[in-house]
Amino acid sequence: MSKNISDGIGHLERSINWKQGLAIALGVPLLILPSLGYLPMYMAAAAILVWGLSVIQGFIQNAAYAELATTFPKASGLPGFAQHVFRTENYKGKYDKGKLIGGFSAWSYWFAWNPVLAIFSILVGGYLHGLFPVLAETFTEYQLSLMSGLVIFSGLFIVNWFGLKDGAILGYILAAVSLIPLVILTAAPFATGHVDMANITGNWWPADWAWDMHHVLILFGIFAIAQWSACGWETAAIYAPEYKNPSKDVPKALFACGAICFLSYVLVQTAVIGVLGVDGVMAEPLSPLIPVAQAVFGEAGSVITIIMLIAAMILIIQTAYLGSSRALHSMTTEGNLPRVFGKTNRHGTPFVALLVTAAFNMVLISMGSLAAILAAAAIGYTCANGISLFAYVRAKKHPAFATLERPFKAPKGWKNVALIFGLFNLPLCLVGVVYLNSQEIGWASTWLGFLVLSLYIPIWLYSQRESGGAKDEAGIVDVSDNGSDNDVEDLETVPSSR
């Protein structure tokens, strides 16, 4: 029997279909914006190849996550899978090490998505500062970033107070405002002949590139940074407890978002390098789409682009805000965070998690360093993906999970593929991004990443004492019922997926 945790921690409501989940996840194709000028600095035009390979990596990883999402439909995506699979069944001691591992994966995932709010609030502040002279005369970029974050977070909190369905409606609106102009801006240079393929073929690989240890580590680091953007469409699976029919909705939402990501990431980077050349991109590393718009549409085009990008950034923030708050809620229902983080309102919205996420990002904005925040978040994302892929391998092999029904199945032998990519994330990409950070911006971002990740240990120990540590009462379901939709209370609201 499925049950609520005590002290006001409630279930999320099953209220959306795959199209609404896709609408919320449509912020992911726009995550290329912070790195659109960054990757060519190291990879030249080969950045196009890196983006394509990274999205393909996303398909490989997300095939495993889609299977886990339909096997455990009450688990919230990556953070829920790892927590559910690694915890020890009927554990009698005080501290379950498996539960700690699963909880750490969820915490890493939360930290990977959480800084998206701060990163794009800083970018919004910068664009507003450049677009409106009256604002530039009155406020600094730093002040505009803080105000942007406060206004955006407050607005999104109000919209999402009434449930995930309203968040999906906002996703539709912002997708129309941002994705359609982005498609036009990407396609127009090809149609008007502004794309010079010599800019790509003549600068395919950096002139000083060598296959030595230094450059190999940088390459792993680049893949970690790219993965943070190009594989992020796994967030469509985090709403598994809120899909009406998760066994069908999750795979549809995931792979539809992945197809959009593949096209957008490859074509946007191709258009930017094709118009500006690698040197031109490096001259505008933070906002290379603006000179592209100026070249194709003139000065008016750059103004339209900035407005479009601001709308796009709000969509990205919306995606990250909902995903990171669900990660916190998932950790609470599994007994890996104090109960207060799991409180929901009458609409099924985890409002405490939303408030904590917003407050944490206001602190990050006050740091002012976009590069350091992004680099630290990439550390969390590599940890989350690595552990989650190992969770998939465990779920395929462990007797408690091996025979469970899987409405969606990854191809045969996928556990071996998942193991390879788990090792690619941990340790290869993790070592690579740490090395890249040390070369690019020093050790500040690395220490920030590991500091936030290490804070989980005392918080977890406190949550175990809070729950009494006698047995795992914090999970929504026991391993024996695997989180299926066969519970009595769920039969009234969830269409059968059997």
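Keep in mind it's a predicted model, so treat the numbers as computed, not measured.

1. Overview of the overall build of the protein chain
Then, number 1: Looking only at helices and strands, one finds 21 helices and zero strands in the protein chain.
Then, number 2: Classification of the 498 residues of the protein chain by burial places 62% in the buried group.
Then, number 3: Pairs at least 24 apart in sequence give 83% of the contacts found in the protein chain among residues at least 6 apart.
Then, number 4: Carbon together with sulfur atoms contributes 67% to the accessible area of the protein chain, which is approximately 18,200 Å² in total.

2. Brief notes about the pattern of salt bridges
Then, number 1: A full pass over the atoms with the stated rule returns four salt bridges.
Then, number 2: Across the pair E67 and R406 runs a salt bridge, and its minimum N-O distance is 2.7 Å. Of the two residues, E67 is situated in helix α3 (residues 47-71) and R406 in the loop between α17 (399-402) and α18 (414-440); the sequence distance between them amounts to 339 residues. When sorted by exposure, E67 lands in the same class as R406, which is buried.
Then, number 3: A salt bridge links R326 to E242; its shortest N-O distance comes to 3.0 Å.

3. Topic: the side chain of N437
Then, number 1: Turning to its location among the elements, N437 is positioned in helix α18.
Then, number 2: Leaving out residues up to four positions away in the same chain, N437 has contacts with A375, I379, G442, S445 and T446.

4. Some thoughts on the nonpolar core
Then, number 1: Membership of the largest hydrophobic core comes to 158 residues, with the highest contact counts inside it found for L31, L39, M43, F120, I222, Y265 and L289.
Then, number 2: A per-element tally of this core places helix α16 (residues 370-397) first, with 16 residues.
Then, number 3: Those residues in contact with F120 that lie beyond four places of it in its chain are L30, L31, L33, P34, M313, I316 and I317.

5. Quick word on the environment of P338
Then, number 1: Note that P338 resides in the loop between α14 (299-333) and α15 (351-367).
Then, number 2: As for P338 and S467, which are separated by 129 residues in sequence, their C-alpha atoms are 8.4 Å apart.
Then, number 3: Those residues in contact with P338 that lie beyond four places of it in its chain are T332, I459, Y462, S463 and E466.

6. Things to note about unusual backbone geometry
Then, number 1: Of note, the bond from L426 into P427 is cis; its omega dihedral lies within 30 degrees of zero at 20 degrees.
Then, number 2: Along the chain, P427 turns up in helix α18.
Then, number 3: One non-glycine residue, A44, lies in the positive phi region at around 55 degrees.
Then, number 4: We classify A44 as buried; its relative accessible area is 7%.

7. A few points about the packing of aromatic side chains
Then, number 1: Under the definition given, this model contains 20 aromatic pairs.
Then, number 2: A centroid spacing of 5.6 Å and a plane angle of 35 degrees characterise the contact between W107 and Y456, whose relative ring orientation is tilted. Here Y456 lies in helix α20 (residues 456-466) and W107 lies in helix α5 (residues 97-113), a separation of 349 residues in the sequence. Summarising the burial analysis for this pair, W107 and Y456 share the class buried.
Then, number 3: A connected cluster of aromatic rings, assembled from ring pairs, spans F104, W107, W110, F360 and Y456.

8. Here's the deal with the side chain of T349
Then, number 1: In this fold, T349 is placed in the loop between α14 and α15.
Then, number 2: When its relative accessible area of 1% is taken as the criterion, T349 is described as buried.
Then, number 3: Polar side-chain contacts of T349 include one of 3.2 Å to the backbone oxygen of W161.
Then, number 4: With residues near it in sequence (within four places) discarded, T349 still touches N160, W161, F162, G163, K343, T344 and L354.

9. Brief notes about the confidence of the model for the protein chain
Then, number 1: Averaged over all residues, the pLDDT of the protein chain is 85; the fraction at 70 or higher stands at 90%.
Then, number 2: Of the regions scoring below 50 in pLDDT, residues 1-7 engages in 22 contacts with residues more than four places distant in sequence or in other chains.
Then, number 3: For the stretch residues 469-498, pLDDT sits under 50, and the model shows 79 contacts to residues farther than four places along the chain or on other chains.

10. Overview of the state of the cysteines
Then, number 1: For the structure shown, the criterion picks out zero disulfides.
Then, number 2: Of all cysteine sulfurs, the one in C257 lies closest to C261, which takes part in no disulfide; the gap is 4.3 Å.
Then, number 3: With a relative accessible area of 0%, C261 lands in the buried category.

About the thresholds
Residues numbered from 1 in each chain as written. Predicted model: local features only at pLDDT ≥ 70, side-chain atom pairs only at ≥ 80, totals over all residues. Heavy atoms only, no water. Helix = DSSP H or I, 4+ residues; strand = E, 2+ residues; numbered from the N terminus. Buried < 20%, exposed > 50% of the residue type's maximum accessible area, 1.4 Å probe, protein only. Contact = heavy atoms within 4.5 Å. Areas by Shrake-Rupley, 256 points an atom, 1.4 Å probe, with all protein chains shown as cover. Salt bridge = Lys/Arg side-chain N within 4 Å of Asp/Glu carboxyl O. Core = buried A, V, L, I, M, F, W, Y, C linked by side-chain atoms within 4.5 Å. Phe/Tyr/Trp six-rings, centres within 6.5 Å; stacked < 30°, edge-to-face > 60°. Polar contact = N/O pair within 3.5 Å; in protein donor to acceptor, adjacent residues only side chain to side chain. pLDDT = per-residue confidence, 0-100. Disulfide = S-S within 2.5 Å.

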